[in-house]
Amino acid sequence: MQLKISASRLPIASLLLIAPFFLWGTAMVAMKGVIPHTTPLFMAGVRLLPAGVLILIAAALMGKPQPKGWDAWLWIALFALVDGTLFQGFLAEGLVRTSAGLGSVMIDSQPLAVALMSLWLFQERIGFWGWLGLGLGVAGISLIGLPDEWIFHVLGSGVDITIGNWQELFASGEWLMLLAALSMAVGTVLIRFVCRYADPVVATGWHMIIGGLPLWGISSVLESQQLENIVPSDWLALGYATIFGSAIAYGLFFYFASSGNLTSLSSLTFLTPVFALLFGNLFLAEVLSPLQWIGVSLTLISIYLINQRDKLAANKTLTVGEKNTNQPPILEASTPKKINPVSLTIRESEPEVLP
């Protein structure tokens with residue numbers, strides 16, 4: 001993946017690539033601990049607005065130019081609606097109904113959508129291993145999102161699904177997390193178009209501010225007691241989710257997304273659920289069912305295959321080539337060489353008369 005930061009120039013480039021996914025996974029755990037004491041949309045706005053201000057301050061210190069023209073602001077507004085309002089809204093509402101670890105896995109299904117959109121919009125190659133990863137991802141997400149009793153019943157004697165089951169399914173946190181994942185996937189693709197008119201870091205800051213305002217507006221109408229029950233430890237958790245899980249993580253991610261391969265970069269999010277599940281188990285004592293663990297494994301394998309598809313294809317080609325090294329070479333027909341003409345002198349003699 002060609003990125004603006006190279007390992008030769010900056011030894012910590014690999015850590016910077018991993019940092020957003022570590023910060024997202026741990027921020028998910030921090031937000032889950034705050035939810036019982038506040039409301040989801042208010043918390044989503046807290047995560048966006050202050051982080052956007054911090055990013056704009058950092059951009060100003062770096063001398064980044066501000067957006068100019070209607071085209072720039074329209075693309076930033078669309079970016080803000082999809083990746084700010086919709087993504088953070090679905091994420092916060094879904095986190096109320098699901099665990100931090102499981103929610104993180106659902107969010108990190110977004111590379112599957114990014115791969116398809118990048119193939120369509122930017123002709124980024126998927127290949128055999130990429131398609132295999134997409135198939136495993138669909139199976140993994142199904143095991144994670146569908147109720148266990150559905151899966152066991154389908155594998156048993158028949159299917160008996162009622163309307164009530166469908167209503168319960170679409171009201172579950174897993175499906176809200178999938179909608180959040182789709183919103184983030186669209187936002188990841190949109191950054192390519194936004195960067196044609198604005199600096200990626202500045203656009204990230206503005207999209208967080210513009211996207212966070214509707215969340216606070218909706219929260220003021222539909223929610224109540226947003227601040228009454230928050231304790232000092234909750235403010236620390238919100239501060240961590242805002243500064244590290246939003247300002248730093250999103251600034252780095254969209255900076256890389258503006259220049260690198262979108263499919264490969266977004267596939268690095270397979271690290272996020274690992275961190276979220278680990279810290280969710282350590283701090284929140286969260287557990288998954290056996291079928292959900294299988295789904296998590298399939299999802300992580302699928303994202304790994306998408307990320308490593310070019311390397312796996314190259315190794316397969318190399319292996320086939322090595323098997324043919326002992327075979328005799330095939331001679332290719334060459335162009336005949338030009339023959340130089342030879343002059344011969346023939347002396348005509350008188351015919352002899354036989355006696």
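Below you will find a few notes about this structure.

1. Here we look at the overall build of the protein chain
Here's step 1: When you go through the protein chain residue by residue, the secondary structure sums to 15 helices and zero strands.
Here's step 2: Going through the 355 residues of the protein chain one by one, you find that 48% of them count as buried.
Here's step 3: Once local pairs closer than 6 in sequence are excluded, the contacts in the protein chain between residues at least 24 apart make up 89%.
Here's step 4: For the protein chain, the computed accessible surface area is about 19100 Å², with 67% contributed by carbon and sulfur atoms.

2. Some thoughts on the nonpolar core
Here's step 1: By size, the foremost hydrophobic cluster in this structure holds 50 residues, and its most contacted members are Trp24, Met43 and Leu91.
Here's step 2: Where this core is concerned, the elements lending two or more residues are α1 (13-34), α2 (40-61), α3 (70-97), α9 (173-194), α10 (200-222) and α11 (232-257).
Here's step 3: For this core, the element with the highest residue contribution is α2, accounting for 11 residues.

3. Quick word on the packing of aromatic side chains
Here's step 1: Per the counting criterion, the structure on display carries 10 aromatic pairs.
Here's step 2: Centre to centre, the rings of Trp75 and Phe193 are 5.4 Å apart; their planes meet at 10°, and the pair counts as stacked. Of the two residues, Trp75 is situated in helix α3 and Phe193 in helix α9; the sequence distance between them amounts to 118 residues.
Here's step 3: An aromatic cluster is defined as three or more aromatic residues linked by ring pairs; in this entry it consists of Trp24, Phe79, Phe87, Tyr250, Phe253 and Phe254.

4. So, the environment of Leu56
Here's step 1: Relative to the assigned elements, Leu56 resides in helix α2.
Here's step 2: Separated by 149 residues in sequence, Leu56 and Gly205 have C-alpha atoms that sit 5.4 Å apart.
Here's step 3: Here Leu56 is in contact with Val202, Gly205, Trp206 and Ile209, once residues within four sequence places are set aside.

Thresholds, definitions, all that
- Residues numbered from 1 in each chain as written.
- Predicted model: local features only at pLDDT ≥ 70, side-chain atom pairs only at ≥ 80, totals over all residues.
- Heavy atoms only, no water.
- Helix = DSSP H or I, 4+ residues; strand = E, 2+ residues; numbered from the N terminus.
- Buried < 20%, exposed > 50% of the residue type's maximum accessible area, 1.4 Å probe, protein only.
- Contact = heavy atoms within 4.5 Å.
- Areas by Shrake-Rupley, 256 points an atom, 1.4 Å probe, with all protein chains shown as cover.
- Core = buried A, V, L, I, M, F, W, Y, C linked by side-chain atoms within 4.5 Å.
- Phe/Tyr/Trp six-rings, centres within 6.5 Å; stacked < 30°, edge-to-face > 60°.

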